There are 2 protein chains.
Amino acid sequence: MTPEELRHAFRAGQVRPTAGLAPGAVQANLIAVPREWAFDMLLFAQRNPRACPVLDVSETPSTVLAPGADLRTDLPLYRVWRDGRLDRETPDVTADWADDLVTFLIGCSFTFEAGLLAAGIEVRHISAGRNVPMYVTARECRPAGRLHGNLVVSMRPVAADRVADAVRISGRYPAVHGAPVHVGDPAGLGVHDLGRPDFGDAVEVRPGEVPVFWACGVTPQAAIVASGVPFAVTHAPGHMLVTDAPDRDYET
Amino acid sequence: MTPEELRHAFRAGQVRPTAGLAPGAVQANLIAVPREWAFDMLLFAQRNPRACPVLDVSETPSTVLAPGADLRTDLPLYRVWRDGRLDRETPDVTADWADDLVTFLIGCSFTFEAGLLAAGIEVRHISAGRNVPMYVTARECRPAGRLHGNLVVSMRPVAADRVADAVRISGRYPAVHGAPVHVGDPAGLGVHDLGRPDFGDAVEVRPGEVPVFWACGVTPQAAIVASGVPFAVTHAPGHMLVTDAPDRDYET
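Source: prediction; values computed, not measured.

## Concerning the domain arrangement of chain A
Residue and element names in this part refer to chain A.
Link 1 in the chain: Domain parsing of chain A yields domain 1 (3–108 + 227–250) and domain 2 (110–215).
Link 2 in the chain: Taking only C-alpha atoms, the centre of domain 1 and the centre of domain 2 are 20 Å apart.
Link 3 in the chain: Listed per partner, the contact involves 30 residues of domain 1 and 29 residues of domain 2.
Link 4 in the chain: Together, the buried faces of domain 1 and domain 2 total about 2,600 Å²; carbon and sulfur atoms form 60% of this surface.
Link 5 in the chain: Counting the contacts that link domain 1 with domain 2 gives two salt bridges.
Link 6 in the chain: In this structure, Arg 146 engages Glu 36 in a salt bridge whose closest nitrogen and oxygen atoms are separated by 3.1 Å.

Right, here's the structure in full:
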């Protein structure tokens, strides 16, 4: 299915994680906050560019990255947040949308997964048909105004002899998280049980494989919680906006 | 002189362009706007990243890029803008500073000039002891809120057989303007007389050389004029903040 067909399917009510869908098309994290919080959010992204590479900022529920898309309906699943707490998950946030919301689209590590696959590096959560595992680390982001929180990472197990290739390949995409922030040693990130991710699904780490961690666009959701943001709409982790922009636009 | 010694000399009143000074240290464009305009400015930068690569945003006249620096005194020359018009140039803006100013430090093409020189590519304005020539182009930036304006470029003449090298070398620094936006054909940018730059000094383009154009951090000053921003403080073109950050931090 093309990105547009996928968006129409999600608009019609289909709910599923988007990992592995429409290979070659950029996927994006979504976070919408009231205008009154928009400067803090943009500054938080600017100060934490590995976790929050901004692809577009929009003052309407539309984006140049996916002409014709309605950002209130065209993702498979959303989260609505009130006072820093998850209020509900829903496939349609039209009723929740406020005119003063400013929407941030943030790069997603799914972009470089196509490069990993092309190099013969297995992406475990795709072969297992699952959502990527994500963990809230003990590493604090650089704060911005009222926003603060810890770094969230995604994890992919990589065979020890392919770790260098995975670093090199993902490093070609600095605008969509780029190279890993941490390789091996989960405890060094404050991650004590890989089998219990904070978001997404656990995947097996086999003998001879190393857990490799990339900064994750779910980081703003952890900041919403930590900072008690009064209202926000985000995608549900792993349920991304599938855009029309080609991955190669973000390759250096 | 070290970056800190240069800042102290500027604080003491010395006025001169900073091209070629403290090689290896990042130099930065400065623009400070009232808090009420800060989101528009940050969004303008995000939407025009080639021209406005943000290195730091600060709500006080200080920066993590140059600990101990006072951003109101430590640049050699400033411009004060009122209602979109240049009010005056001055080496000290302490008296003009307002508590609600938000300061943006934006990458400067001087960073990749060290790389050009190291590769044996002459940088004409440095060898001529002049300020780099800058031109307001006919190319519109992507607007953001109330901010709009045209792209400003800097120009360096490069021997035809070194243009590819200049592209490759500057492309290693995407956070400080990166690769050229235009090579040759000034008219295609709406630049009709290279001998009359809008900012800085003209330099000679010799036979066998091609004018190469890079996006320039003076672009926000053109936006201040075009948009009638009520108040702003900027550096004077070519008179940059010399930071303590090493150029290599911005190399990919």
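## Looking at the layout of surface pockets
Link 1 in the chain: Estimated volume of the largest pocket: approximately 1,900 Å³.
Link 2 in the chain: The wall of the largest pocket is formed by 48 residues, among which Pro 49, Pro 174 and Ala 175 of chain A together with Pro 174 and Ala 175 of chain B lie closest to the centre.
Link 3 in the chain: Of all the secondary structure elements, the ones that give two or more residues to the lining of the largest pocket are α2 (35–47) and β2 (54–58) of chain A together with α2 (35–47) and β2 (54–58) of chain B.
Link 4 in the chain: A class-by-class count of the residues in the lining of the largest pocket yields 27 nonpolar, nine polar and 12 charged.

## Quick word on the packing of aromatic side chains
Residue and element names in this part refer to chain B.
Link 1 in the chain: Within this structure, the stated rule accounts for four aromatic pairs over all chains.
Link 2 in the chain: Between Phe 112 and Trp 214, the aromatic rings sit 5.1 Å apart at their centres with planes inclined by 35°, giving tilted as the arrangement. Placement of the pair is Phe 112 in helix α3 (residues 110–118) and Trp 214 in strand β9 (residues 209–215), with a sequence separation of 102 residues. We note that Phe 112, like Trp 214, is buried.

## Considering the relation of the copies chain A and chain B
Link 1 in the chain: Laying chain A over chain B is done by rotating through 179° and shifting 0.1 Å along the axis; what remains is an RMSD of 0.0 Å. Here the transformation between the copies is reduced to the relation of a two-fold axis. Closest approach to the rotation axis within chain A is made by the C-alpha atom of Phe 39 of chain A, at a distance of 2.5 Å.
Link 2 in the chain: A shared binding surface is used by both copies, with 100% of the interface residues of chain A retained as interface residues in chain B.

## Structural notes on the sheet that holds strand β7 (residues 150–159) of chain B
Strand pairing in a sheet takes place through backbone hydrogen bonds and is either antiparallel or parallel in direction.
Residue and element names in this part refer to chain B.
Link 1 in the chain: Spatially, β6-β7-β9-β8 is the arrangement adopted by the four strands of the open sheet, whose pairing is antiparallel. Of all the strands in the sheet, the pair left with one neighbour each is β6 (134–140) and β8 (182–183).
Link 2 in the chain: Here seven bridges tie β7 to β9, and the two strands are oriented antiparallel to one another. When the sheet's bridge partners are listed, Arg 156 is paired in β9 with Val 212.
Link 3 in the chain: Contacts from helix α5 (residues 163–171) reach β7, β8 and β9 within the one sheet, and its direction differs from that of β9 by about 15°.

## Things to note about the packing of α2 of chain A against α2 of chain B
Link 1 in the chain: It is at 10 Å that the axes of α2 of chain A and α2 of chain B come closest, and there the two elements cross at 45°. With respect to their mutual orientation, α2 of chain A and α2 of chain B come out oblique. Here α2 of chain A and α2 of chain B pass one another in a crossing that is left-handed. For the pair α2 of chain A and α2 of chain B, the contacting residues are Arg 35, Ala 38, Phe 39, Asp 40, Leu 42, Leu 43 and Gln 46 of chain A in the first and Arg 35, Ala 38, Phe 39, Asp 40, Leu 42, Leu 43 and Gln 46 of chain B in the second.

Here is what the cut-offs are and how they apply
As a convention, each chain's residues are numbered from 1 in the sequence order in which they are written. Going through the entries in the order they are written, you letter the chains from A and number the ligands from 1. In view of the model being predicted, local features appear only for residues whose pLDDT reaches at least 70, and side-chain atom pairs are presented and counted only at 80 or more, with totals across whole chains, interfaces and linings using the full set of residues. Side-chain measures were taken over the full set of non-hydrogen atoms in the model, leaving aside hydrogen atoms and water. Domain borders in the structure are assigned automatically or taken from a domain database. Contact definition: two residues touch when any of their heavy atoms are within 4.5 Å. Buried area is calculated as the accessible area (1.4 Å probe) missing from two parts once they are joined, with the contributions of both summed. Salt bridge, as applied in this entry: a Lys or Arg side-chain nitrogen positioned within 4 Å of an Asp or Glu carboxyl oxygen. A pocket, in this scheme, is an open set of points on a 1 Å grid over the protein atoms alone with protein on both sides within 12 Å along at least 5 of 7 lines, while a cavity is a set where a 1.4 Å probe fits but cannot get out; residues line either one if an atom lies within 4 Å of a point. Grid points are joined across faces, edges and corners, and a volume is the space filled by probe spheres set on the points. Note on conventions: DSSP H or I runs of at least 4 residues are helices, E runs of at least 2 residues are strands, and numbering of each starts at the N terminus. Residues are grouped as follows: Ala, Val, Leu, Ile, Met, Phe, Trp, Tyr, Cys and Pro are nonpolar; Asp, Glu, Lys and Arg are charged; every other residue, Gly included, is polar. Stacked, tilted and edge-to-face pairs are distinguished by plane angle, under 30 degrees for stacked and over 60 for edge-to-face with tilted covering the rest, among Phe, Tyr and Trp rings (Trp via its six-membered ring) whose centres lie within 6.5 Å. The buried label goes to any residue with under 20% of its type's maximum accessible area, the exposed label to any with over 50%, and the partly exposed label to all in between, with areas taken from a 1.4 Å probe on protein chains only. Our superposition of the copies is a least-squares fit, built on the C-alpha atoms of residues whose pLDDT is at least 70 in both. Only strands that DSSP links by at least two bridges are regarded as paired with each other. For helices, the fitted line uses only the C-alpha atoms of the stretch in contact; every axis is such a line through C-alpha atoms, and the angle between N-to-C directions lies from 0 to 180 degrees. Convention used here: angles under 35 degrees read as roughly parallel, angles over 145 as roughly antiparallel, angles from 65 to 115 as roughly perpendicular, and any remaining angle as oblique. In a left-handed crossing the near helix is turned counterclockwise from the far helix by less than a right angle, and in a right-handed crossing that turn is clockwise.

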